[in-house]
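Tertiary structure, described
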Amino acid sequence: MRKLLIIILFPIAIIHGQELDGINSIGFGWSNTGSIIGSTFNKSEVKPAFNIDYKNKYDSSKHYRFNLIFELPFRSNNATTFENLYFSIGIEKPMLVLEESKINLYYGFDIYYKMNLRKTKLYPISSYAYGFGILALAGLELELKNNYSFCSEINFGFGAHQSEDGSADPNSGLILWYLDRRSTKNISLGIRKYF
């Protein structure tokens, strides 16, 4: 396994990356490719999730980022529900070893806030199942043409979350919080435009 990783990563280590033109960028992609592929093997039900993000190159060593990650809404019992709606902000740093090719690698971290939203006829919008936490991330961009790039990212972290159905402890009436591992982008795939 170690030899296979060395064979795969060696070309990336000797390639020199280049900065795409533009200070700001907007990206759109499919966030949970890893979960969808994994669900075909263990027959679990996973909904597709998508992300829209914005990045700003503050300087050559630091980029600020904002992400919106969401699952497709579904309608049931005259209610439209948006589950696992994540808002995250963070910082990423490019790996400066890569300076003259079309491949850019980066790493960083995000802090996130999560909730579920429900819209019904009686209540315009209600929210439940809140959570917050921190995510470590690593990503790759491959420059295409006209300041477009193919982007992929993976993140992993943990946070404090309420139960998914918003239920409370029957004895105390308090909503329970628990620590949970999270990966909002597990092998995300997308397109980014720099401007």
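What you see is a predicted model, and the numbers here were worked out from it, not measured in a lab.

Let's shift gears to the overall build of the protein chain. The number of helices and strands found in the protein chain is two helices and 10 strands. When its helices and strands are written in sequence order, the protein chain yields α-β-α-β-β-β-β-β-β-β-β-β. Of all 195 residues assigned to the protein chain, the portion counted as buried reaches 37%. Total accessible area on the protein chain stands at roughly 12000 Å², and carbon and sulfur atoms take up 67% of it.

The next thing to look at is the environment of Ile111. Summarising the element assignment, Ile111 is placed in strand β6 (residues 103-120). Since its relative accessible area comes to 43%, Ile111 is described here as partly exposed. For the pair Ile111 and Gly157, spaced 46 residues apart in sequence, the C-alpha separation works out to 9.4 Å. Excluding its chain neighbours within four sequence positions, the residues that come into contact with Ile111 are Phe87, Ser88, Ile89, Gly133 and Ile134.

Below, the discussion takes up the packing of aromatic side chains. Each aromatic ring pair is summarised here by two numbers: the centre-to-centre distance and the angle between the ring planes. Scanning the model with the defined rule gives five aromatic pairs in all. Arranged with centres 6.2 Å apart and planes meeting at 0°, the rings of Phe28 and Phe50 form a pair that is stacked. Here Phe50 lies in strand β2 (residues 49-59) and Phe28 lies in strand β1 (residues 24-30), a separation of 22 residues in the sequence. Every member of this aromatic cluster is reached through a ring pair, and the members are Phe28, Phe50 and Phe70.

Right, let's talk about the environment of Asn155 for a bit. Its place among the elements puts Asn155 in strand β8 (residues 148-162). Using a relative accessible area of 3% as the deciding quantity, one classes Asn155 as buried. Residues contacting Asn155, with those up to four places away along its chain left out, are Leu135, Ala136, Leu137, Arg182, Ser183, Thr184 and Lys185. Polar side-chain contacts of Asn155 include one of 3.0 Å to the side chain of Thr184.

The next subject is helix α2 (residues 33-42). Turning to α2, its buried residues are Thr33, Ile36 and Ser39. Buried residues along α2 cover an arc of 130° about the axis, so they all sit on one side. Exposed residues on α2 whose side chains face more than 90 degrees from its buried face are Phe41 and Asn42. Downstream of α2 by a residue or two, Lys43 has a phi angle that is positive, lying close to 55°.

A few words on the side chain of Thr81. Mapped onto the secondary structure, Thr81 falls in strand β5 (residues 79-94). Within the structure, Thr81 has its side chain in polar contact with the side chain of Arg118 (distance 3.3 Å). When neighbours within four sequence positions are excluded, Thr81 is seen to be in contact with Pro73, Phe74, Leu117, Arg118 and Tyr128.

It is worth spelling out the layout of surface pockets at this point. The computed volume of the largest pocket comes to approximately 420 Å³. Taken together, 16 residues make up the lining of the largest pocket; nearest its centre are Asn32, Ser35, Val46, Glu71 and Asn84. The set of elements that each furnish at least two residues to the lining of the largest pocket consists of β3 (62-71) and β5. If you tally residues by element for the lining of the largest pocket, the top one is β5, at three residues. Here the lining of the largest pocket is composed, by residue class, of four nonpolar, six polar and six charged.

Each value, and the rule that gives it
- Throughout, a residue's number is its position along its own chain's written sequence, starting from 1.
- The model is predicted, so local features are restricted to residues of pLDDT at least 70 and side-chain atom pairs to those at 80 or more, both for listing and for counting; the totals for chains, interfaces and linings are taken over all residues.
- Excluding hydrogens and water, the side-chain values take into account all heavy atoms of the structure.
- Labels follow the DSSP assignment, with helices taken as runs of H or I lasting at least four residues and strands as runs of E lasting at least two, numbered in each case from the N terminus.
- Exposure categories follow from relative accessible area, calculated using a 1.4 Å probe and restricted to protein chains: below 20% of the type maximum is buried, above 50% is exposed, and the middle band is partly exposed.
- Here the open area of atoms and residues is found with the Shrake-Rupley method and a 1.4 Å probe, where only the protein chains shown may cover a residue.
- Whether two residues touch is decided by their heavy atoms; if any such pair falls within 4.5 Å, the residues are in contact.
- Only Phe, Tyr and Trp rings take part, Trp by its six-membered ring, and two of them pair if their centres are within 6.5 Å. Stacked means planes under 30 degrees apart, edge-to-face means over 60, and tilted covers everything else.
- We define a polar contact as two N or O atoms separated by no more than 3.5 Å, with the added condition that, inside protein, one atom must be a possible hydrogen donor and the other a possible acceptor, whereas residues neighbouring each other in sequence contribute only through side-chain atom pairs.
- The arc under discussion is defined with respect to the helix axis, by the directions toward the C-beta atoms.
- Think of a 1 Å grid over just the protein atoms. A cavity is a set of points where a 1.4 Å probe fits yet cannot get out, a pocket is an open set with protein on both sides within 12 Å along at least five of seven lines, and lining residues have an atom within 4 Å of a point.
- Grid points are joined across faces, edges and corners, and a volume is the space filled by probe spheres set on the points.
- Amino acids are sorted into nonpolar (Ala, Val, Leu, Ile, Met, Phe, Trp, Tyr, Cys and Pro), charged (Asp, Glu, Lys and Arg) and polar (every other residue, Gly among them).

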